[in-house]
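Observations on the three-dimensional arrangement
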Amino acid sequence: MSHVGDPNGGAPRIVAAIRTAASWRSRSIALLTSGVLALPVLTGCGSSDSGTAAGAAPQDIGAAARANVTDGGTLKWAVDAMPETLNTFQADADAGTQRVAQAVLPALFTLDEHGRPQRNPDYLESAEVVKREPKQVVLYKLNQKAVWSDGREIGAPDFVAQWRALSGKDSAYWTARNAGYERIEKIEKGANDLEVKVTFAKPYADWRSLFSPLYPKDVTGTPDAFNDGARTKLKATAGPFGLKEADRARGTITLERNPRWWGRPAKLDSLVLTAVARDKRAAALAGGTVDVAEIDRADADRIALAERDKGQAINHGPGAAITPASALRSWAIAHSGEEERAEAERQARRETQAAVERYAAEQAGLRGLAVRKSLEPAYTQLALNGASGPLADERVRRAVARALNRKEIAEAVLKPLGLPAQPPGSHLALAGQDAYSDNSDALGSQDAQEARALLADAGWTPAGARMKPKQDAAKAGSQPDGEQQSEDGKRPAAGNHPNDEGTYIVGDDKPGGVRVALLRQARLLDADPAEQTKKGADKHTKTEARLKGGAPGAYAPKGTAAPAPNSGPLGKDGKPLTLRFVLPSGPGSQSLRDVGDRIAAMLKSVGINTETVKVADDSYFKDHIASGDFDLALYSWPGTAYPATDDRPIFAKPEPAADGSLVVEQNYSRVGTDHIDQLFEQAAGELDEDEARDLVQKADARIWAAAGSIPLYQRPQLVAVKPNVANAGAFGFATPHFQDIGFKKPAAAHGGSPNEKNEKD
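Along the chain, the position of Arg395 falls in helix H10 (residues 394-403). Through-space distance from the C-alpha of Arg395 to that of Leu455 is 6.6 Å; in sequence the pair is 60 residues apart. A polar contact of 2.7 Å, which involves the side chain of Arg395, links it to the side chain of Asp393.

As structure tokens, then:
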């Protein structure tokens, strides 16, 4: 077998202490920007529900057999913005970049509606691990019909070029990630040109995540081509669609049917991705500018009202607040003798009338649209910044978690939409996925008395709030002595505090009863039953904890007196317990602020005050979440089929850099442990799928116990479509089949089951 390639060059030196938006995985970008901040929840309940579909919602795409879909036509699909790049491996890739790649580039494995990787037969005849010792070897057998749009066969040279670009060994390539590719030792051509053999230097469980998408060697073969050549165009494609043009002035990307496509031909002639801001989507849908658009709850309500109001007067919208009395008063002012005031009122009346007419026209245009809904593969969490202040103490973080009624929060967001409203029990898998297991018992359910007891054990009491502040109380309050605000009102970056002595950081081996309890809990979570018996594990303690709704370590030491309910705010050494809750202020984030209000009320009930700080959407992540300028915050993380790879940076233990700052990767709560890191590393290298799944679930239990991230609900996915659009909408976890998307034939548009399965031509 001929050896095809081996990357050379030294590994690039990491120069950024804190990796921010420039180093996200593209799957995370849309969820961490405030314009698309979180919404709902799903999951199975109870530790025995591993892999359960309980709480999962099916995809809703207006499924239709291909025989019932018209050949031809153009579908206009709204995206948030024109992609800055068409290279999904670059830092500024976004959801639009992903959408284009899914339609025009090879994906060797795609996800089904349960988030499971499935071999894509359009590109692969087979793919399997053919050797485990002495090194892991994966053999890909390619579809013999698979070719690039320039006629060249897809083959080993494309695999090698992508590996070299993403291995991290050549710093000339500007890549946002290299997860998995750095484990490859070599790539060879197999017995023929249709076989590609990949040998790994280290075992890699998530090998199916690699080479999806696969770019042609023309894009990945040189740093210049990789860095700049694929930002606005692609030299070759190999999907059911090809890239026709990207018109930045019009904000559109046009994809056209690929004449060289060897699979089931695309039903559409063309697919136009159109940049439409979220607050403009109702107007775009009403005016026919787009046929498919993801929308928020407010627009979904407008569509429902449009259908309800058919043939009736509209009693909502900009004219709803006008009462007979206010109309009479406005008329009187407009016809008064005070000319300047009268003219201003007449102008206001003209603007109001125009808004009412515009709204009525839009409502007429929205009538008849369908809203397809499911649960998005992403969950919204409450992040607790454990770098400094009260939340550096794990007892306070646990108290925050135990004060929350996650079920109530999930129901408030999801129940009105008719979606499953069960809070997620895992950080690393969602309900319906094979790796899903409810591990929330490692932290425990809502218990206000336990929350108050944990706070008391940490020294936060009503009496402490009434004490005279000590001059040297460096550890009390949300802003300790020695931690001064900068001139712009922000905190210094985590790790740069002049007085960090005594601050508890998760992972430090400091003595203390709660630390000992956590270690005991961790051993129980990790040990086999036989091992627990052998080591004399405290079975009574574990059983008692399970009965109370949690595991050992989630409770204050026995005998700790909890302050009486409603006994007033808590404090320590005269400093009140107040947490800074940062939320986005934009109109599209109202539901997130509503959730924040609920959380603040729940925390107040156990004596924790919150200071809500509303910031501009465009600065929410960059200037606050990534920089650590918050105590509490709400944002979302996407689900994945590859948690050992994709979720490791999110929960990796922060490490100090040489300059004293903190390298957090994507762990913006700044809470982590060595053991969590070890479990992720073991899972990533475990080729036995059952063993790897068990390691992931153990890591999740540890993450719950650390209490830096509290999953609240799975986001809802609401997509408005013209009623005759087929096989598009709320996809959930599933990868879209772009070749099957189109418009239903007239007979099929008015009949047929919405759950009708696709059939292959």
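Turning our eyes to something else, we now look at the packing of aromatic side chains. Evaluation of the coordinates by the stated rule reveals 19 aromatic pairs. Seen from their ring centres, Trp261 and Trp262 are 4.6 Å apart, and the 40 degrees between their planes marks the pair as tilted. We note that Trp261, like Trp262, is buried. Seen in terms of ring centroids, Tyr635 and Trp637 are 6.0 Å apart; in terms of plane orientation they differ by 75 degrees. Their pairing is edge-to-face. Here the aromatic cluster, defined as three or more aromatic residues joined through ring pairs, consists of Phe89, Phe109, Tyr140, Phe159, Tyr181, Trp207, Phe211 and Tyr215.

To continue, consider the pattern of salt bridges. Enumeration according to the criterion identifies 36 salt bridges in this entry. The partner of Arg116 in a salt bridge is Asp112, and the shortest N-O contact between them spans 2.9 Å. Residues joined in a network through salt bridges with shared partners are Glu339, Glu343, Arg346 and Arg350.

This part takes up unusual backbone geometry. Here the amide bond leading from Glu133 into Pro134 is cis, since omega sits at -5 degrees, within 30 degrees of zero. Residue placement: Pro134 occurs in the loop between strand S5 (124-131) and strand S6 (137-142). Going from Ser212 to Pro213, the amide bond is cis rather than trans, its omega being 5 degrees. With respect to the element layout, Pro213 can be found in the loop between strand S8 (195-200) and helix H4 (217-220). Backbone geometry at Glu665 places phi at a positive 50 degrees, although glycine is not the residue there. Along the polypeptide, Glu665 turns up in the loop between strand S20 (662-663) and helix H21 (674-684). One non-glycine residue, Ala707, lies in positive phi territory at about 60 degrees. By the secondary structure assignment, Ala707 is in the loop between helix H22 (689-706) and strand S21 (709-721). You can call Ala707 buried: its relative accessible area is 0%.

What follows covers the nonpolar core. Ranked by size, the top nonpolar core spans 72 residues in total, and within it Tyr140 and Phe211 carry the most contacts. Here this core gets 6 residues from one element, more than from any other, and that element is helix H3 (residues 156-166). In contact with Tyr140, not counting residues within four places along its chain, are Leu108, Leu124, Ser126, Ala127, Phe159, Leu194, Glu195, Val196, Val198, Trp207 and Phe211. In this structure, Val413, Ala458, Leu583 and Leu712 belong to the second largest nonpolar core, which totals 58 residues.

With 9 of 10 residues buried, H10 lies mostly within the body of the structure. Residues Glu394, Val396, Arg397, Arg398, Ala399, Val400, Ala401, Arg402 and Ala403 constitute the buried set of H10.

Another aspect to go through is helix H17 (residues 590-604). Here H17 contains 15 residues, and its C-alpha end-to-end distance of 21 Å stays within 8% of the 21 Å for a straight helix at 1.5 Å per residue. Residues of H17 that are buried include every one of Leu592, Arg593, Val595, Gly596, Ile599, Ala600, Met602 and Leu603, and no others.

Moving on, we come to the environment of Gly574. Positionally, Gly574 belongs in the loop between strand S14 (571-572) and strand S15 (575-576). Looking at Gly574, the relative accessible area reads 15%, which means it is buried. In this structure the C-alpha to C-alpha distance between Gly574 and Met467, which are 107 residues apart in sequence, comes to 4.3 Å. Apart from residues no more than four positions distant in its own chain, Gly574 is found in contact with Gly464, Ala465, Met467, Lys468 and Pro469.

Cut-offs used in this document
Residues numbered from 1 in each chain as written. Predicted model: local features only at pLDDT ≥ 70, side-chain atom pairs only at ≥ 80, totals over all residues. Heavy atoms only, no water. Helix = DSSP H or I, 4+ residues; strand = E, 2+ residues; numbered from the N terminus. Polar contact = N/O pair within 3.5 Å; in protein donor to acceptor, adjacent residues only side chain to side chain. Phe/Tyr/Trp six-rings, centres within 6.5 Å; stacked < 30°, edge-to-face > 60°. Buried < 20%, exposed > 50% of the residue type's maximum accessible area, 1.4 Å probe, protein only. Salt bridge = Lys/Arg side-chain N within 4 Å of Asp/Glu carboxyl O. Core = buried A, V, L, I, M, F, W, Y, C linked by side-chain atoms within 4.5 Å. Contact = heavy atoms within 4.5 Å. Expected span 1.5 Å × (residues − 1).

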